[in-house]
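# Close look at the chain arrangement
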Amino acid sequence: MSHHRNPRALLTPAMRGVLERIARAGHPPLHALTPVQARAAYEAGAGVLELKAHKLARDETLTLAARDGHPIPARLVAPALPADGLLPVLLFFHGGGFTIGSTAAYDVLCRHLAHLAHCAVLSVDYRLAPEHKFPTAVDDAWDSLAWLRENAATLGLDGQRLAVGGDSAGGTLAAVAALMARDAGWPLALQLLFYPGCASGTDTPSHHDFAHGFLLEAAHIRYFFGHYLRSEKDRTDWRFAPLDGVDDSGHPRDLDGVAPVWMGLAECDPLVDEGVRFADRLRSAGVPVELEIYRGVVHDFIKMGRAIPEALTAHNDAARALRRAFGNH
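Here goes a summary of the coordinates provided. Predicted model only: the values in this text are computed from it and were never measured.

## Describing the packing of aromatic side chains
For the structure shown, the criterion picks out 13 aromatic pairs. Considering the side-chain rings of Phe92 and Tyr106, the 6.0 Å spacing of their centres and the 40 degrees angle between planes classify their relative orientation as tilted. Pair noted here: Phe92 is in strand E3 (residues 87-93) and Tyr106 is in the loop between E3 and helix H3 (107-117), with a separation of 14 residues, a long-range link. The exposure class assigned to Phe92 is buried, which follows from its relative accessible area of 0%. Following the ring pairs from residue to residue traces out a cluster consisting of Phe98, Phe134, Phe225, Tyr228 and Phe240.

Here's what the structure looks like:
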């Protein structure tokens, strides 16, 4: 996307109002806090603009096993079983720059998607940085997918109708897990990606235009990546940057044959340009891609359903894509 002379003029009135209320509240920015403090601050504010949580037939706390024996907490929410048997399932990875966020902070969103898409949603608490640096989150995401495939039937879930999804850093993890699944010969119904991080750098026009005053700021991105990455070399690893990262041989990962994609981006988001470029690369590789850009909203808008109408539109669009991918028309 091209540079905008007055990026703030792109915001919807409702979005501008939310950002003004956040500014008036005067809380210290997350990048000024320690990771432990930032997690607590994020959790405290996570539900302020959320919808009321849906009550669903199933709400279970599970523990998945990582490859090193670490227990990965997870939460399964689902509507009642259909008369014809097993429920399809979305494996969801939360956002938060690989440093903050949790299944609890995303519970309302996961419940809403489960309700709208008539599917189960399994959300996982992968390990966070800086205690657990790259690629631990990637390994946990992959191990969660392997665990779910192996245990789906015992949970009343359909392992043949399985999607991966997430937002922001969680969208990165979902996209990377989908590429690994492609390599392993594991079919997936869909990748559901809300404004995923995709690129090794931060030099696009949108990173410049929306660097300050649009919720996710350049300072936040530096803070998160500084905690997550072991060194600058990790930036060019495809498991961090599926758009332009490379493998051990120095070549970009080919995207041919990866699962179909539904991608929802926020127009006023530093990550929007790399999301569009990733969608273009996927399409060039023959991957079916449905791309929606929600105008006038910022990063994290999907968790603002009480204040931002575009959040509800995005929820419905994403759920429609899931139902179609799962055959739940």
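From this point, the discussion proceeds with the structure in view.
## Quick word on the side chain of Thr99
Checked against the element boundaries, Thr99 lands in the loop between E3 and H3. Among residues more than four places away in sequence, those in contact with Thr99 are Pro35, Arg39, Leu128, Ala129, Phe224 and His227.

## A closer look at helix H1 (residues 13-25)
Over its 13 residues, H1 runs 18 Å from end to end, which matches the ideal 18 Å to within 8%, given 1.5 Å per residue. Those residues of H1 that are buried lie in contact with strand E8 (289-298). Downstream of H1 by one or two residues, Gly26 has phi in the positive range, about 75 degrees.

## Structural notes on the sheet that holds strand E2 (residues 71-78)
The mixed open sheet is built from eight strands, whose spatial order is E1-E2-E4-E3-E5-E6-E7-E8. Unpaired on one side and paired on the other, strand E1 (58-65) and E8 mark the two borders of the sheet. Mean inter-strand twist for the sheet, computed between neighbouring axes without regard to direction, equals 20 degrees. For E1 and E2, the ladder comprises eight bridges, and the chain directions are antiparallel. What sits directly across from Glu60, in E2, is Leu76. Its contacts with the sheet put helix H4 (residues 136-151) on E1, E2, E3, strand E4 (120-124) and strand E5 (157-167), and the angle it makes with E3 is roughly 165 degrees.

## Points about the pattern of salt bridges
Considering all chains together, one arrives at 21 salt bridges under this definition. Asp234 serves as the salt-bridge partner of Arg230, at 2.8 Å between the closest nitrogen and oxygen. You can call Asp234 buried: its relative accessible area is 6%. Shared partners join several salt bridges into a network, and the residues in it are Asp59, Arg75, Asp107 and Arg111.

What counts as what
Residues numbered from 1 in each chain as written. Predicted model: local features only at pLDDT ≥ 70, side-chain atom pairs only at ≥ 80, totals over all residues. Heavy atoms only, no water. Phe/Tyr/Trp six-rings, centres within 6.5 Å; stacked < 30°, edge-to-face > 60°. Helix = DSSP H or I, 4+ residues; strand = E, 2+ residues; numbered from the N terminus. Buried < 20%, exposed > 50% of the residue type's maximum accessible area, 1.4 Å probe, protein only. Contact = heavy atoms within 4.5 Å. Expected span 1.5 Å × (residues − 1). Pairing = 2+ DSSP bridges. Axes fitted to C-alpha atoms, helices over the stretch in contact; angles between N-to-C directions. Salt bridge = Lys/Arg side-chain N within 4 Å of Asp/Glu carboxyl O.

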